[in-house]
Amino acid sequence: MNKGLLALILAAGKGTRFKSDTIKVLHPLMGKTMLHLVVETIQKLNPDQVHVVVGYQRERVKKQPFSPHVQFVVQEEQLGTAHAVQAVQEVLEEKKDKDLLIINADLPLLRPETLQLLLNQHRNDRNSLTFLTTESNRPGGFGRVIRTEDNLLRVVEEKEATLSQKKRKEINVGVYVVRIRDLLQALPKISNRNRKGEYYLTDMIEIMSREKKRVNFYRTPQVDEVVGVNDRSELARAVDILRWRKVQSLYEKGVTLYDPSSTWIDLDVEIGVDSVLYNSVVIEGNSAIGKSCTFYPFVHMVDTRVGNDVKILTSTVIEGSTIHDHAQVGPFTHLRPQTVIREGAKVGNFVEMKKTVFGKKSKAGHLSYLGDSEIEEEVNIGAGTITCNYDGIKKHRTHIGKGAFIGSGTELVAPVKVGRGSYLGAGSTITKDVSSDSLAVARGRQVEKSGWAKRKKEKEKKNKE
Ligand code: UD1
Ligand code: CA
């Protein structure tokens, strides 16, 4: 699509206004870091190469999930955006006839469609430089685009701007497409004699303009895409915009959200047609939900796959699990990582599971802990069943065969196996394997002393007299 295009993402700065121990561009917005969002946007344009300029906390930046798809270059000291571009000087020397798309890494809301329009204008007009602008009612913090009396274009940084320049609403977004040959000529002419003592990339605009190169801007009407994230309040604003984009895309896919403002769905979460989410549902990470599912209020689900026609009832927490078709989970259930709930199974009130495969149509309705277990199909887990999976040093497994009936209040001391179709008497502490089709009872025998309580009371009465 964009053959002969190189891309450069500027991400070496700390982001001082963010007041964080973590570099600004690694802060997440709905499940993805700011820089990851920018990398994804750029990749959708299919450039030949993507370079990322790193500096502050470069080792952390290099370990991100997108890292294999980009090339890193290091800017040792952060002396300004023009200085950052010089970090790829050697790469550029060999690609003089190509175009370079330069983008600040703190623009996570930009869409590839908008950047494509910028690229199209650049190519159609055969420009040396085309940069992205918009008209904003809140221009504060951005460089202002000025056309001088002798018809030169320039960008004046907020710190350098006069009062009348500050009133200008045309702002520099921080995205540039430039012919590499012209860029390489302009870069050495940029000085750091300004308020911040930095080499401003924006100075190339005036330099090229003065040298009669074809310089212009593409003004996007998409004001919502140009939110630059410099501090925490701008982060909140950006998150809000992304959230509504996600909500809108879910509506378009046939998903109902009754109260979108209290619902949080991470960007990569997929939800199938006719699924319904009540208020205060949070779904994060690498999660996917099938068709016709219902999520009741206060469900928090992370990194979980859910099939079709599944119901998740109120106040349930699910992490790293898989839930198959027609299952029902909740209310007040906690599924911990590596749990699998098979077709049509039911897990209910105050049940916790961890690393457990829970079979087709099996039921665990109340107050149980099932850990490191494999439970086959059509098993009934009575209220208060507990797998004793931990001996203080190691975890051990419990296996329950098809159709077994586990009486209420049973403790299964692992490692232990219960054969198919067996019954365990309520209140048993099972320490040995139980063979198929049997009954196992392991509890103290009931003893009754007839009239004992009556005699006790009479004795006490006598003593008082
Ligand atoms: C920059 C523009 C400004 C524009 C604004 C839009 C300049 C001089 N100004 O200002 O006109 O309106 O973006 O968002 O470019 N970076 C480096 N190395 C450095 C300095 C910065 O890699 O030495 C990176 C930062 O990590 C950041 C990006 O460049 O991702 C922009 O830097 P920032 O300090 O945020 O520039 P602004 O002051 O916002
Ligand atoms: Ca910025």
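Residues numbered from 1 in each chain as written. Chains lettered and ligands numbered in written order. Predicted model: local features only at pLDDT ≥ 70, side-chain atom pairs only at ≥ 80, totals over all residues. Heavy atoms only, no water.

1. Re the domain arrangement of the protein
Accessible area lost on assembly of the parts is the figure often given for the size of an interface. This is how the line gets drawn: A domain assignment, automatic or from a database, supplies the domain bounds used here. Here a residue-residue contact requires only that any non-hydrogen atoms of the pair lie within 4.5 Å. Summed over both partners, the accessible area (1.4 Å probe) lost when two parts come together is defined as the buried area. Every case where a carboxyl oxygen of Asp or Glu lies within 4 Å of a side-chain nitrogen of Lys or Arg is listed as a salt bridge. Polar contact is defined as a pair of N or O atoms within 3.5 Å, subject to the rule that within protein one atom must be able to donate a hydrogen and the other to accept it, and that residues adjacent in sequence are counted only when both atoms are side-chain atoms. Throughout, the ten residues Ala, Val, Leu, Ile, Met, Phe, Trp, Tyr, Cys and Pro are labelled nonpolar, Asp, Glu, Lys and Arg are labelled charged, and all others, Gly among them, are labelled polar.
Domain assignment breaks the protein into domain 1 (5-225) and domain 2 (254-440). Taken residue by residue, the interface counts five residues in domain 1 and five residues in domain 2. Here domain 1 packs against domain 2, burying approximately 420 Å² in sum over the two surfaces, 64% of which is carbon and sulfur. One can count one salt bridge joining domain 1 with domain 2. Lys-32 serves as the salt-bridge partner of Asp-268, at 2.8 Å between the closest nitrogen and oxygen. Along the contact surface separating domain 1 from domain 2 lie three residue pairs in polar contact (both at pLDDT 80 or more). Looking at the side of domain 1 that touches domain 2 residue by residue, the classes come out as three nonpolar, one polar and one charged.

2. Notes on the site of ligand 1
Short version of the rule: Nearness here has a simple test: a residue counts as near a molecule or strand if at least one of its heavy atoms is within 4 Å of that partner. A 1.4 Å probe and the Shrake-Rupley method give the accessible areas. Residues count as covered only by the protein chains that appear here. Both site types are read off a 1 Å grid over the protein atoms alone. A 1.4 Å probe that fits but cannot get out defines a cavity, while an open set with protein on both sides within 12 Å along at least five of seven lines defines a pocket; lining residues have an atom within 4 Å of a point. Any molecule with more than half of its atoms within 2 Å of a cavity's or pocket's grid points is counted as sitting in it.
In the vicinity of ligand 1, 24 residues are found, and the nearest of them are Leu-10, Gln-75, Thr-81, Glu-157 and Asn-172. The contact in question runs from an oxygen atom of ligand 1 to an N or O atom on the backbone of Gly-13, over 2.9 Å. Between an oxygen atom of ligand 1 and a main-chain N or O atom of Asn-172, the distance comes to 2.6 Å. Protein contacts shield 91% of the accessible area of ligand 1, which totals 750 Å² for the unbound molecule. Taken atom by atom, the bulk of ligand 1 overlaps the largest pocket.

3. Considering the coordination of the calcium ion (ligand 2)
Quick reminder of the rule: A donor here means any N, O or S atom no more than 2.8 Å from the metal (3.2 Å for Na, K and Ca); water is not included, so a site may seem to lack partners. By definition, any uninterrupted DSSP run of H or I lasting at least four residues is a helix, any uninterrupted run of E lasting at least two residues is a strand, and each is numbered from the N terminus. Only protein chains enter the accessibility calculation, which uses a 1.4 Å probe. A residue is then buried if its area is under 20% of the maximum for its type, exposed if over 50%, and partly exposed in between.
Of the protein atoms, only Asp-106 (OD) and Asn-230 (OD1) coordinate the calcium ion (ligand 2), at distances of 2.3 to 2.5 Å. Here the residue Asp-106 occupies a position in the loop between strand E6 (99-104) and helix H5 (112-124), and Asn-230 occupies one in the loop between strand E11 (215-219) and helix H9 (232-252), the gap between them amounting to 124 residues. On the basis of relative accessible area, Asp-106 is assigned to the buried category, the value being 13%.

4. Some remarks on the sheet that holds strand E28 (residues 357-358)
As a reminder, the rule being used: Any two strands between which DSSP finds at least two bridges are classified as paired.
Read from one edge to the other, the open sheet built from nine strands follows the order E14-E17-E20-E23-E26-E28-E30-E33-E36, with strand pairing classed as parallel. Two strands bound the open sheet, and with one partner strand each, they are strand E14 (270-271) and strand E36 (416-418). Across three bridges, the pairing between strand E33 (residues 398-400) and E36 is parallel. Its bridge partner being in E36, Ile-400 is matched across the sheet by Val-418.

5. What about the nonpolar core?
What counts here: Definition of nonpolar core: a set of buried residues of the types Ala, Val, Leu, Ile, Met, Phe, Trp, Tyr and Cys, connected through side-chain atoms within 4.5 Å.
The biggest cluster of nonpolar side chains holds 45 residues, and the ones touching the most others in it are Ile-9, Leu-35, Ile-42, Ile-103, Leu-110 and Val-175. Within the residue set of this core, elements represented by two or more residues are strand E1 (5-10), helix H1 (34-43), strand E4 (49-54), E6, H5, strand E10 (170-179) and H9. By residue number, the principal contributor to this core is H1, which donates six residues. Aside from chain neighbours lying at most four places away, what touches Ile-9 is Leu-35, Val-38, Val-39, Ile-42, Val-50, His-51, Val-52, Val-53, Ile-103 and Ala-105.

6. Things to note about the pairing of strand E7 (residues 129-135)
Across the seven residues of E7, six count as buried, placing the element largely inside the fold. In this sheet, E10 lies alongside E7 in antiparallel orientation, the contact comprising six bridges. Counted as the bridge partner of Thr-133 is Asn-172 from E10. Direction of pairing for E7 relative to E11: parallel, over a ladder of five bridges. Residue Leu-132 lies in a different strand from E11, and its bridge partner there is Tyr-218.

7. Details of H5
Note the threshold: Given a helix with a known number of residues, its expected span is that number minus one, times 1.5 Å.
Look at H5: 18 Å from first C-alpha to last across 13 residues, which is about the 18 Å you get at 1.5 Å a residue. Within H5, burial applies to Pro-112, Thr-114, Leu-115, Gln-116, Leu-118, Leu-119, Gln-121 and His-122. Turning to H5, the residues buried within the fold contact E1, H1, E6, E7, E10 and E11. One or two residues past the end of H5 sits Arg-126, with phi positive at roughly 50°.

8. A closer look at the side chain of His-27
On the secondary structure map, His-27 appears in the loop between E1 and strand E2 (28-29). Within polar-contact distance, the side chain of His-27 engages the backbone oxygen of Thr-22 at 3.5 Å. Aside from chain neighbours lying at most four places away, what touches His-27 is Phe-18, Ser-20, Thr-22, Lys-32, Thr-33, Met-34 and Arg-232.

9. Regarding the layout of surface pockets
For clarity, the threshold we go by: Grid points are joined across faces, edges and corners, and a volume is the space filled by probe spheres set on the points.
Here the largest pocket is characterised by a volume of approximately 1100 Å³. Taken together, 36 residues form the lining of the largest pocket, with Arg-17, Thr-81, Asp-106, Lys-196 and Asn-230 sitting closest to its centre. Those elements that place two or more of their residues in the lining of the largest pocket are helix H3 (81-85) and E10. By residue number, the principal contributor to the lining of the largest pocket is E10, which donates four residues. Here the lining of the largest pocket is built from residues that sort into twelve nonpolar, 15 polar and nine charged. Lining the second largest pocket are 21 residues; nearest its centre among them are Lys-44, Arg-111, Leu-242, Arg-245 and Leu-267. Put simply, the parts of the chain that give the lining of the second largest pocket at least two residues each are H1, H5, H9 and E14. In terms of residue count, H9 provides more of the lining of the second largest pocket than any other element does, five residues in total. For the lining of the second largest pocket, the per-class residue count stands at nine nonpolar, two polar and ten charged. Counting only domains with at least three residues in the lining of the second largest pocket, you end up with domain 1 (5-225) and domain 2 (254-440).

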